[in-house]
Number of protein chains: 2
Amino acid sequence: MPLSEFELIDRFFRGCGTQRSDVPLGVGDDAALIECPPDRQLVAAIDTLVEGVHFPAGSPAASVGHRALAVNLSDLAAMGAEPGWALLALTLPRADERWLEEFSRGLAALAREFGVALVGGDTTCGPLCVTIQILGSVERGTALTRSGAAAGEALYVSGTPGDAAAGLQLEQSRLELADAHSARYLRDRFLFPAPRVALGRRLRAYASACIDVSDGLLGDAGKLARASGCGVELDYEMLPVSLALAAAVGPERARGLALTGGDDYELLFSVPPSRTDDLARDLPADEWRYTRIGTLRGESGAVVTRNGSVIDFSHYGFDHFASVR
Amino acid sequence: MPLSEFELIDRFFRGCGTQRSDVPLGVGDDAALIECPPDRQLVAAIDTLVEGVHFPAGSPAASVGHRALAVNLSDLAAMGAEPGWALLALTLPRADERWLEEFSRGLAALAREFGVALVGGDTTCGPLCVTIQILGSVERGTALTRSGAAAGEALYVSGTPGDAAAGLQLEQSRLELADAHSARYLRDRFLFPAPRVALGRRLRAYASACIDVSDGLLGDAGKLARASGCGVELDYEMLPVSLALAAAVGPERARGLALTGGDDYELLFSVPPSRTDDLARDLPADEWRYTRIGTLRGESGAVVTRNGSVIDFSHYGFDHFASVR
């Protein structure tokens, strides 16, 4: 006998994630009730993953559950917000209990890690597609945005972008790598990205602007610069590249993937010259894992320089409706 | 040249709906910022419409935009909440400008009618699927839920359920109706449902429980009764049926559709005997368009009686994963 929508919600999603005392009414009614956090602003984002577009058909269900929440947590991280509550809209071709079990386990584990309560949702029948809407909060007036950067400021990125793009290629057998340890590391960077929520919270005291790197570092740097009314210059030699990525594709292609790969969910942020020393002192770069990669400039556009010369990158980030992917 | 995701959002969704002063940051950053309304609770719901499941392929885009928001507004109506903000996750096979224009017009018109600001969203490429997440608020402790009803209370429904189901059949050419005026009326009840937000707000002072009728009146009455730990008896002869529906399918089939049709987005609510006179006085039934259709009872389950005898209905509401539809 097939699982009904009500049994499905009851079994896999009621009580999913953290139990929070500020949720008087969660999953199961027409809507959820949440206590408004006093003296804070709400922060809201929504993101969809479609099978065959954002993840390969047949991806591990735990990864789909993890990523659906992770991409939303990454949006909150980029605002410097504290995550709180999520709603899930899950469209499935059929109610496959094993898949649902794994999916909800992946989702619940990440939700618990970040203190998120799943407070509502909707399950429907159709092509596999997962939308999560996340809510969080931030102390009034302290949210990071894309638009606060200015020419002359330093640009930083967390982690080692490009890893996830190589991990996806490994998942799709478009790339081979003999070293099993490095291959596992890269695949996990695609399958189980780690949202930089703690870093985003701390950056509120130092950064002038922030964006999460989801569509490719170069394209997202261009978005931050454009929103701030300036341009940006990235230094090719300063791009942080993981040893695993360099081993997989060589150091040159590694930097290409770091610039354009997508799916990184790292933070890209600008810091005024007056705050860079404080940042380095209070959040040591080797502990918090970020790297200075460039500078905001007056001239618009995003360029990459190598030994002082501009190099050409025609693929400016991943765009769902004008893309090769 | 195809429209990019960023141009698409800019052109069709920036500033969509009502401009609200409590939205310091709307569409265009990693997340939106919303001022928390003081002394109120947040109310959050999410609902998805999938082409070919919730609306026929080739439905008017304005109707898809309207319905995607209406089904969410109906969830807030059932809680007695005041709508405020919405996020849109739109998955499209391609960026068809005419379709988007019409879709956003249908969405924006309803958003303005209910004072809703579209504060964020995500557009992705894939099979047509629309998820809206809505946020609203309610005075603390006054929200209506499904679980407050008790045996002996009266059960009411707003409007004339069954119309939308007949309208869908007309849209799909599974039903014919010579009278063009009635046919238009029924189609519009499916294509452009009117969320009962004002009624829901007023019912907080009278109703003990409330649910919106989306999956069929009988099934949803069963859900309200079950959540309240009781059962329900509906009186077949009291079911309100529109003249258009009776003309389209005859009075007997009309009551069958009213009980099991789905897509009505009316409110079903219980009122304690001590409050029914006040309800009738303060919210006249002919003005607010609601009808008493049954009674909550101690024995569990949902039954329909006709002249004192129980009649059998085996199809208890629409369930996405165990359904004939």
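The shown structure was predicted, so the numbers you read here are calculated from the model rather than taken from an experiment.

Participant: Can you walk me through the interface of chain B and chain A in this structure?
Facilitator: When the parts of a complex come together, some accessible area is lost, and that lost area is often taken as the interface size. At the junction of the two partners, chain B supplies 66 residues and chain A supplies 66 residues. Summed over both sides, the interface of chain B with chain A buries roughly 5,200 Å², with 62% coming from carbon and sulfur. The closest approach of N and O atoms between A:Arg146 and B:Asp30, which form a salt bridge, is 3.3 Å. At the junction of chain B and chain A, the tally comes to 17 residue pairs in polar contact (both at pLDDT 80 or more). Mapped by element, the contributors of at least two residues to the side of chain B that touches chain A are helix 1 (5–12), strand 1 (32–35), strand 2 (40–50), helix 2 (61–79), strand 3 (82–92), strand 4 (117–125), strand 5 (129–139) and strand 7 (209–213) of chain B. Ranked by residue count, the leading element in the side of chain B that touches chain A is strand 2 of chain B, at 10 residues. In terms of residue class, the side of chain B that touches chain A is built from 37 nonpolar, 14 polar and 15 charged. Sheet topology places strand 1 (residues 32–35) of chain A next to strand 2 of chain B; 4 bridges connect them, and they run antiparallel. The residue bridging A:Ile34 from the neighbouring strand is B:Leu42, located in strand 2 of chain B.

Participant: So what exactly am I meant to see when it comes to the domain arrangement of chain A here?
Facilitator: All names here are of chain A. Once the domains are mapped, chain A shows domain 1 (5–139) and domain 2 (154–319). Just the C-alpha atoms count here: the centres of domain 1 and domain 2 sit 26 Å apart. The interface is formed by 25 residues belonging to domain 1 together with 19 residues belonging to domain 2. Buried surface at the junction of domain 1 and domain 2, both sides included, amounts to about 1,800 Å², of which 64% is carbon and sulfur. One can count 4 salt bridges joining domain 1 with domain 2. Among the salt bridges present, the one from glutamate 82 reaches arginine 201, with a minimum N-O distance of 3.5 Å. Going through the elements one at a time, helix 2 (61–79), strand 3 (82–92) and strand 5 (129–139) are the ones with two or more residues in the side of domain 1 that touches domain 2. Classifying every residue of the side of domain 1 that touches domain 2 gives 14 nonpolar, 6 polar and 5 charged.

Participant: Would you mind going over helix 2 of chain B with me for this structure?
Facilitator: The periodicity of an α-helix, 3.6 residues per turn, causes residues three or four places apart in sequence to face the same way. Residue and element names in this part refer to chain B. A rise of 1.5 Å per residue sets the reference length of helix 2, with its 19 residues, at 27 Å; its end C-alpha atoms lie 28 Å apart and thus fit the reference within 8%. The element helix 2 is largely enclosed, with a buried count of 19 among its 19 residues. With its phi angle positive at about 75°, glycine 80 sits one or two positions after the end of helix 2.

Participant: Looking at this structure, how should I read the relation of the copies chain B and chain A?
Facilitator: Note on the chain copies: they are related by a rotation about an axis and a translation along it. At an RMSD of 0.0 Å, chain B and chain A line up after a rotation of 180° and a shift of 0.0 Å along the axis. These values place the two chain copies in the arrangement generated by a two-fold rotation axis. Among all C-alpha atoms of chain B, that of B:Cys36 lies closest to the rotation axis, at 3.0 Å. A share of 100% of the interface residues of chain B reappears at the interface of chain A, consistent with the copies meeting face to face through the same patch.

Participant: Got a minute to help me understand the side chain of A:Glu266 in this structure?
Facilitator: Residue and element names in this part refer to chain A. Take glutamate 266: it is sitting in strand 9 (residues 266–271). For glutamate 266, a relative accessible area of 1% corresponds to the buried category. Here serine 158 takes part through its side chain, which lies 2.6 Å from a polar atom of the side chain of glutamate 266. Apart from residues no more than four positions distant in its own chain, glutamate 266 is found in contact with Val157, Ser158, Gly159, Thr160, Arg189, Arg196, Ile211, Asp212 and Val213.

Participant: Help me out: how do you make sense of the sheet that holds strand 1 of chain A in this one?
Facilitator: Hydrogen bonds between backbone atoms are what pair the strands of a sheet, whose relative direction is either parallel or antiparallel. Here we have 5 strands laid out as an open sheet, ordered 1(A)-2(B)-5(B)-3(B)-4(B), and mixed in their pairing. The sheet terminates laterally at strand 1 of chain A together with strand 4 of chain B, the two strands that pair on one side only. Across the sheet, the mean angle separating the axes of adjacent strands is 20° when strand polarity is ignored. Note that strand 3 of chain B and strand 5 of chain B share 9 bridges and pair antiparallel. Each residue of the ladder has a partner; that of B:Thr91, found in strand 5 of chain B, is B:Cys129.

Basis of the calculations
Residues numbered from 1 in each chain as written. Chains lettered and ligands numbered in written order. Predicted model: local features only at pLDDT ≥ 70, side-chain atom pairs only at ≥ 80, totals over all residues. Heavy atoms only, no water. Contact = heavy atoms within 4.5 Å. Buried area = accessible area lost by both parts, 1.4 Å probe. Salt bridge = Lys/Arg side-chain N within 4 Å of Asp/Glu carboxyl O. Polar contact = N/O pair within 3.5 Å; in protein donor to acceptor, adjacent residues only side chain to side chain. Helix = DSSP H or I, 4+ residues; strand = E, 2+ residues; numbered from the N terminus. Nonpolar A, V, L, I, M, F, W, Y, C, P; charged D, E, K, R; others polar. Pairing = 2+ DSSP bridges. Domains from an automatic or database assignment. Expected span 1.5 Å × (residues − 1). Buried < 20%, exposed > 50% of the residue type's maximum accessible area, 1.4 Å probe, protein only. Least-squares fit on C-alpha atoms with pLDDT ≥ 70 in both. Axes fitted to C-alpha atoms, helices over the stretch in contact; angles between N-to-C directions.

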